[in-house]
Structures are given as structure tokens and as C-alpha cells.
Amino acid sequence: SLSPAPTSSQHQHSYYQQKITGTMARSGIAKGINKGHITEQRERAAKPSRTKGKLGKRTALCREIAREVAGLSPYERRILDMIKTGGSAADKRIYKFAKRRLGSHKRAVAKREDIKAINSKMRAKQAGA
């Protein structure tokens, strides 16, 4: 049960993969996969673009205050009502409703989880009071 020999395209792929990731140390020889001068790999500083999309403290606070003041929108109230009534396949119905309103799978799932969290907070508040 010998595995077949890698094709030239597979060799090329692994070569470029090593070149991109920079995992292999250089040999100091002018030819071959690890060609080039032997150099020390420096630790690079993280780019600011790596944190793009991360929720900041200020934005989170602003959104929380806006939600507190404005409350839920009508379609969000309808989703909350669906959660409260429950029933069989409630999650699926909520997802389909949210997807129709928001336009994408990712947004619909996120909204469903968000409204569920709001519902659980409300229930915890009522139980505590």
C-alpha cells in the first residue's frame, strides 16, 4: 500500500506554500527549495488591520444605550413573541423570518441569538424581582 508519488504540481504547491508561510529555514545555497541567505526571522508587529471589526468599548456602550432607549423594533418584537410561544421548530421559523427581513444567513442567526439573549435577560430580571 504505497502512496503514489507526488506530481510536479503538488511539488510546486508545497514549494509555494513554504515560500508564503516562511516555515522552512534557508540553507545558504543558491538553488533548491530552501535557497537564499541564512537570516534570522524577526517577530513582526501586529497590523492594526487585524483588529478590524472587533467591537470596541465605546461602540458597545452606545449600542447598549440606544437599545435601552429605543427598545425593540416591530420585527424584533415579533421574533421575541415567537421565542416566548415556542412550539415545535420555533428556531427554524424564527430563522426563516429573520432571514427574510435581514437578507443573509449569518445576520439571521446572529439576530436570533441576540433576541434569545434579551429574552433570557428579561426572564432573569422578572425572576429576581
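Placed above this text is the structure.
Residues numbered from 1 in each chain as written. Predicted model: local features only at pLDDT ≥ 70, side-chain atom pairs only at ≥ 80, totals over all residues. Heavy atoms only, no water.

Concerning the pattern of salt bridges
One side chain can pair with another of opposite charge once the charged atoms of both are near each other.
Consideration 1: Per the stated rule, a full pass over the model turns up five salt bridges.
Consideration 2: Glu76 is the partner of Arg67 in a salt bridge, and the nearest nitrogen-oxygen pair spans 3.1 Å.
Consideration 3: Using a relative accessible area of 29% as the deciding quantity, one classes Arg67 as partly exposed.
Consideration 4: Across the salt bridge formed by Arg112 and Glu113, the nearest N and O atoms sit 3.4 Å from each other.
Consideration 5: Taking the relative accessible area as the measure of exposure, Arg112 reaches 15% and is therefore buried.
Consideration 6: Accessibility expressed as a relative area gives 41% for Glu113, which makes it partly exposed.
Consideration 7: Residues joined in a network through salt bridges with shared partners are Arg67, Glu76, Lys111 and Asp114. (Salt bridge = Lys/Arg side-chain N within 4 Å of Asp/Glu carboxyl O. Buried < 20%, exposed > 50% of the residue type's maximum accessible area, 1.4 Å probe, protein only.)

Examining the nonpolar core
Consideration 1: Counting residues in hydrophobic clusters, the biggest one holds 13 residues, and the most contacted among them are Leu72, Ile79, Ile83, Ile94, Phe97 and Ile115.
Consideration 2: Broken down by secondary-structure element, the contributors of at least two residues to this core are helix 3 (74-85), helix 4 (90-102) and helix 5 (105-128).
Consideration 3: When residues no more than four places from it in sequence are discounted, the contact partners of Phe97 are Tyr75, Arg78, Ile79 and Met82. (Core = buried A, V, L, I, M, F, W, Y, C linked by side-chain atoms within 4.5 Å. Helix = DSSP H or I, 4+ residues; strand = E, 2+ residues; numbered from the N terminus. Contact = heavy atoms within 4.5 Å.)

Regarding a nonpolar patch on the surface
Consideration 1: Nonpolar side chains collect at one region of the surface, where Leu61, Ile65 and Val69 lie side by side and expose about 310 Å² of accessible area between them.
Consideration 2: Looking at the secondary structure, you find Leu61 in helix 2 (residues 57-70). (Patch = residues over 30% accessible without salt bridge, like charges linked within 9 Å, V, L, I, M, F, W, Y side chains within 5 Å. Areas by Shrake-Rupley, 256 points an atom, 1.4 Å probe, with all protein chains shown as cover.)

What to know about the packing of helix 3 against helix 4
Consideration 1: It is at 10 Å that the axes of helix 3 and helix 4 come closest, and there the two elements cross at 170°. On the basis of their axis angle, the class for helix 3 and helix 4 is roughly antiparallel. Contacts between helix 3 and helix 4 involve Tyr75, Arg78, Ile79, Met82 and Ile83 from the first element and Ala90, Arg93, Ile94, Phe97, Ala98, Arg101 and Leu102 from the second.
Consideration 2: For the contact of helix 3 with helix 4, a count of residues per class yields nine nonpolar, no polar and three charged. (Axes fitted to C-alpha atoms, helices over the stretch in contact; angles between N-to-C directions. Parallel < 35°, antiparallel > 145°, perpendicular 65-115°, else oblique. Nonpolar A, V, L, I, M, F, W, Y, C, P; charged D, E, K, R; others polar.)

Details of the side chain of Glu76
Consideration 1: Take Glu76: it is sitting in helix 3.
Consideration 2: Among the residues examined, Glu76 registers a relative accessible area of 4% and is labelled buried.
Consideration 3: In this structure the side chain of Glu76 is engaged in a polar contact, spanning 2.6 Å, whose partner is the side chain of Lys111.
Consideration 4: Once residues within four sequence positions are removed from consideration, Glu76 is found in contact with Arg67, Lys111 and Ile115. (Polar contact = N/O pair within 3.5 Å; in protein donor to acceptor, adjacent residues only side chain to side chain.)

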